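Tertiary structure, described
Chain by chain, the residues run as shown.
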2 protein chains.
Amino acid sequence: MTNSPFSLALEQARLAAACGEVPVGAVVVNAAGVILARAHNLTETDKDPCAHAEILAIRAACKELDDERLTGCDLYVTLEPCPMCAQAISFARIRRVYFGAYDVKGGGVENGARIFAQSSCHHTPEVYGGMHESECSALLKDFFKARR
Amino acid sequence: MTNSPFSLALEQARLAAACGEVPVGAVVVNAAGVILARAHNLTETDKDPCAHAEILAIRAACKELDDERLTGCDLYVTLEPCPMCAQAISFARIRRVYFGAYDVKGGGVENGARIFAQSSCHHTPEVYGGMHESECSALLKDFFKARR
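Throughout what follows, the structure given in this document is the object of discussion.

Cut-offs applied
- Residues numbered from 1 in each chain as written.
- Chains lettered and ligands numbered in written order.
- Predicted model: local features only at pLDDT ≥ 70, side-chain atom pairs only at ≥ 80, totals over all residues.
- Heavy atoms only, no water.
- Salt bridge = Lys/Arg side-chain N within 4 Å of Asp/Glu carboxyl O.
- Helix = DSSP H or I, 4+ residues; strand = E, 2+ residues; numbered from the N terminus.
- Buried < 20%, exposed > 50% of the residue type's maximum accessible area, 1.4 Å probe, protein only.
- Contact = heavy atoms within 4.5 Å.
- Buried area = accessible area lost by both parts, 1.4 Å probe.
- Polar contact = N/O pair within 3.5 Å; in protein donor to acceptor, adjacent residues only side chain to side chain.

Take the pattern of salt bridges next. By the definition in use, this model includes 12 salt bridges over all chains. Linking Arg 95 of chain A and Asp 74 of chain A is a salt bridge whose minimum nitrogen-to-oxygen distance equals 2.9 Å. Residue Arg 95 of chain A is found in the loop between α4 (83–91) and β4 (96–101), and its partner Asp 74 of chain A is found in strand β3 (residues 74–79); the two are separated by 21 residues along the sequence. For Arg 147 of chain B, the salt bridge goes to Glu 44 of chain B, with nearest N and O atoms at 3.0 Å. Here Arg 147 of chain B, found in helix α4 (residues 133–147), pairs with Glu 44 of chain B, found in the loop between β2 (35–40) and α2 (53–65); they are 103 residues apart in sequence, far enough to count as distant. With a relative accessible area of 44%, Arg 147 of chain B lands in the partly exposed category. With relative accessibility at 36%, the residue Glu 44 of chain B sits in the partly exposed group. What you see here is one network of salt bridges that share partners, running through Asp 74, Arg 95, Arg 96 and Glu 126 of chain A.

Given below as structure tokens:
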């Protein structure tokens, strides 16, 4: 899957780990398959609790398109988005979300708040979970094991 | 309530309306009552779907403190936070949230995803809703009426 959007998201997750950030990476791709943005968690580096990979990738892609909507674009992310990111994905009108590991404790798509299933969610993307799940979770497990 | 944090949040909401943004304003105050940040919606101006008043105020306050946690700080906002902002409030470890108008369609605190009541929510602030509700909703109603 070299250079597939998911492999690029995984590469971002590895870069995150390398700089001491929770290894989650995200990529936004337009309808033609062009990469618009790639990002990884930067909450500690930026001292910004909102600096999750998805938020940073969405903001960068919006800047790239000079548009607050990413209609027709897809997001690839190595971990199930939290409720903050899931709601941002909905606001940005992302078409499809492909995510890696499920996040029972902090996820907000298939777990917890299940943002896209709420009546207050006015745009629901297609969601594909569990992509390259073992690789995505291994990255996270190794990171937290090394930290302890 | 001149110069109270809530009056400053309302002032921000009015500034938002004046520049064509949905009139929601937010203020972050530390435990000593010092204003750390004030912001209003900038989604259209910044072409950023994440640029809600709360997110911008939290990010600015974190920058001010050089810390990704706003432990002991309170947030004042003129509208019930959406799920994205509610989760960001939790991540930032905000102590108390004072909000104005309830938001049946888009809110994520007393409505919809009820973020702070989810088991995936690891920090729950104290919440006081309905502050200066009529003034906060009037601002929003007038804004949307004028837009039609």
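What follows deals with the interface of chain A and chain B. Taken together, the contact pairs 30 residues of chain A with 30 residues of chain B. In total, chain A and chain B occlude about 2,400 Å² of area from one another, counting both sides; carbon and sulfur atoms represent 65% of this. For the chain A face of the interface with chain B, the top three residues by lost area are Lys 47, Pro 49 and Glu 68 of chain A, together amounting to 25%. Our count for the chain A to chain B interface comes out at 2 salt bridges. A salt bridge links Asp 48 of chain A to Arg 59 of chain B; its shortest N-O distance comes to 2.9 Å. Here chain A is connected to chain B by 4 residue pairs in polar contact (both at pLDDT 80 or more). If you list the elements that add at least two residues to the side of chain A that touches chain B, you get α2 (43–46), α3 (53–65) and α4 of chain A.

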